[in-house]
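Next come the chains, spelled out residue by residue.
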Amino acid sequence: MMIRTFTLRLLSSQQHTTLRLVGAAQPLCRAWASTVTSNQTHEKARNGNINSQLTKPDAVSTVPTMRGEWSLFHPVYTSEEVKAVEVLHHEATTISDKVAYGLVMLARRMFDLVSGYKHKEIPKDKVLSLAELRMGGYLLDEKAWLARILFLESIAGVPGMVAATLRHLTSLRLMRRDSGWIHTCLEEAENERMHLMTFMTLREPSFFFRALVLGAQGVFYNLFFLSYMISPRACHRFVGHLEEEAVGTYTRCIADLEAGRIPEWTDKAAPQIAIDYWRLPQDAKMIDVLYAVRSDETTHRFVNHSLANLNPTTDVNPFAFREPDMFVKGKKIAFERLEAEEYVKQSRQLLDQESGVRR
């Protein structure tokens, strides 16, 4: 049984209360993935079908061959939840919000140019073949989709780690608790990294692509680091808008795949690393992976827009206790500050009730 302990502070109160969240308590918790890998993987390892060497020069080595490989929490979705996602947009009202959205749009245009993603509507008055649609820039083939996704995920894993690092250092420097923000930021960074590891099993990036990622990551990390020191709220809003774009990208990829426009992935089996991570069925396909990844991006969209509505210095992170299911996150852009405070109170009540039942 996994226990998560946090020191919580209500948004309107300076009083600290220590609560414990038990991972096995169904009424309280998200559907977190366990740390146990599949029995099939263990059986292969015992039978010698998997090399005993744990470190290999490719992403396949991240498929666990031992217990405890996944150390951070991540959600596992039902088939109904992954279909509940909607493409939403947060309307920018403040100057900082407008700047954040403008920067995301600028990055989007540059990224589209590099990856060849034109986002053109398919003409309805012409009958074009799949090859003609791809040549005309209306569709991406599987190689172009992978290039876009790999680049996107290599950058998307940066903000959570930067935010966690800075908040960790602030907590050490001021010698006070963080109210649960660090854990959520780390979980987001790890989740985005696992997206990259999953798609890395499908393609070996070229030297040029790796150099491009290296340069972009170096620039983005330092800019985001400096920006987060100045305005954490603007940075979380920036990430929220960035995740809006990610949800839109994966939604289009899913639509193209289901319409038969990416035939290379129609019957392609899901990588084992994805099956283990999201606890997918052993016969899962690429479409199941895309739905799971899109649900993750929807969670990041909701969490970051919600955190951008809070005071990063005094307010508790409501997602340190539990998260809404995808029927909320997929259809609502964020919690407003008062909603977050009410959610914290409800979480405390649920925890108190669960503690009473256990006693």
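Residues numbered from 1 in each chain as written. Predicted model: local features only at pLDDT ≥ 70, side-chain atom pairs only at ≥ 80, totals over all residues. Heavy atoms only, no water.

Q: Is there a simple way to explain the nonpolar core in this structure?
A: Generally speaking, soluble globular proteins have nonpolar side chains that are buried together. F199, F224, F238, W265, W278, V289 and L290 are the most contacted members of the largest nonpolar core, which totals 72 residues. Residue contacts for L290: discarding those within four places in its chain leaves F199, Y250, C253, I254, L257 and W265. (Core = buried A, V, L, I, M, F, W, Y, C linked by side-chain atoms within 4.5 Å. Buried < 20%, exposed > 50% of the residue type's maximum accessible area, 1.4 Å probe, protein only. Contact = heavy atoms within 4.5 Å.)

Q: Would you mind going over the UniProt feature "binding site: Fe cation 1" (unreviewed entry) in the protein chain with me for this structure?
A: Here, the residues flagged by UniProt with the feature "binding site: Fe cation 1" (unreviewed entry) are E153, E192, H195 and E297. Across 145 residues, the annotated set stays spatially compact, with a maximum C-alpha separation of 10.4 Å. By the element assignment, E153 lies in helix α5 (residues 142–156). Position of E297 among the secondary structure elements: in helix α11 (residues 286–308). Those residues within four positions of E297 in sequence are excluded, and the remaining contacts are E153, E192, H195, E243, A246, V247 and Y250. Polar side-chain contacts of E297 include one of 3.3 Å to the side chain of H195. (UniProt positions renumbered as here; feature names shortened; annotations may be inferred. Helix = DSSP H or I, 4+ residues; strand = E, 2+ residues; numbered from the N terminus. Polar contact = N/O pair within 3.5 Å; in protein donor to acceptor, adjacent residues only side chain to side chain.)

Q: How should the confidence of the model for the protein chain be read in this particular structure?
A: Detailed reading of the predicted coordinates is not advisable wherever pLDDT falls low. Averaged over all residues, the pLDDT of the protein chain is 81; the fraction at 70 or higher stands at 78%. The secondary structure element of the protein chain with the lowest average pLDDT is strand β2 (residues 16–22), at 37, and the one with the highest is α11, at 97. A low-confidence stretch, residues 1–52 (pLDDT under 50), is modelled with 118 contacts involving residues beyond four sequence positions or located in other chains. Throughout residues 60–70 the model reports pLDDT below 50, and contacts reaching past four residues in sequence, or to other chains, amount to 34 contacts. (pLDDT = per-residue confidence, 0-100.)

Q: What exactly am I supposed to notice about the pattern of salt bridges here?
A: Close approach of charged atoms lets side chains of opposite charge pair. If you walk through the whole model with that rule in mind, you get 14 salt bridges. The salt bridge partner of R134 is E264, with a shortest N-O separation of 3.1 Å. In this pair, R134 sits in helix α4 (residues 130–135) while E264 sits in the loop between α9 (232–258) and α10 (272–278), placing the two residues 130 residues apart along the sequence. Since its relative accessible area comes to 35%, E264 is described here as partly exposed. (Salt bridge = Lys/Arg side-chain N within 4 Å of Asp/Glu carboxyl O.)

Q: Sorry if this is basic, but what is going on with the environment of M194 here?
A: By the secondary structure assignment, M194 is in helix α7 (residues 181–200). Sequence-wise, M194 and E153 are 41 residues apart; in three dimensions their C-alpha atoms are separated by 8.8 Å.

Q: How should empty space enclosed by the protein be read in this particular structure?
A: If a probe as big as a water molecule is rolled over the atoms, it shows which places are left empty. As enumerated under the stated definition, the model contains seven cavities of 30 Å³ or more in all. The calculated volume of the second largest cavity comes to roughly 60 Å³. Residue lining of the second largest cavity: 13 residues in total, with G160, C185, E188, H236 and N304 positioned closest to the centre. Within the residue set of the lining of the second largest cavity, elements represented by two or more residues are α6 (158–174), α7, α8 (207–230), α9 and α11. Among the residues forming the lining of the second largest cavity, the class breakdown is eight nonpolar, four polar and one charged. (1 Å grid on protein atoms, 1.4 Å probe; cavity = no way out; pocket = protein on both sides within 12 Å on 5 of 7 lines; lining within 4 Å. Points joined across faces, edges and corners; volume = space filled by probe spheres on them. Nonpolar A, V, L, I, M, F, W, Y, C, P; charged D, E, K, R; others polar.)

Q: Before we go on, may I ask you to explain the UniProt feature "binding site: Fe cation 2" (unreviewed entry) in the protein chain in this structure?
A: Here the UniProt-annotated "binding site: Fe cation 2" (unreviewed entry) positions come out as E192, E243, E297 and H300. For the annotated residues, spread through 109 residues, the largest C-alpha to C-alpha distance comes to 11.0 Å, consistent with a single compact locus. In this structure, E192 is in contact with E153, A156, G157, E243, E297 and H300, ignoring residues within four places of it in sequence. By secondary structure assignment, the location of E243 is in helix α9. For E243, the contacting residues outside a window of four places in its chain are E192, E297, H300 and R301.

Q: Before we go on, may I ask you to explain the packing of α6 against α7 in this structure?
A: Helix packing for two helices is described by the angle between their axes and how far apart those axes are. Contact pair α6 / α7: the axes reach a minimum separation of 7 Å and the direction vectors enclose 155°. With respect to their mutual orientation, α6 and α7 come out roughly antiparallel. Crossing hand, α6 versus α7: left-handed. Residue-level inspection shows G160, M161, A163, A164, R167 and H168 of α6 in contact with α7, the latter providing W181, I182, C185, L186 and A189. Classifying every residue of the contact of α6 with α7 gives eight nonpolar, two polar and one charged. (Axes fitted to C-alpha atoms, helices over the stretch in contact; angles between N-to-C directions. Parallel < 35°, antiparallel > 145°, perpendicular 65-115°, else oblique. Left-handed = near helix turned anticlockwise from the far one by under 90°.)

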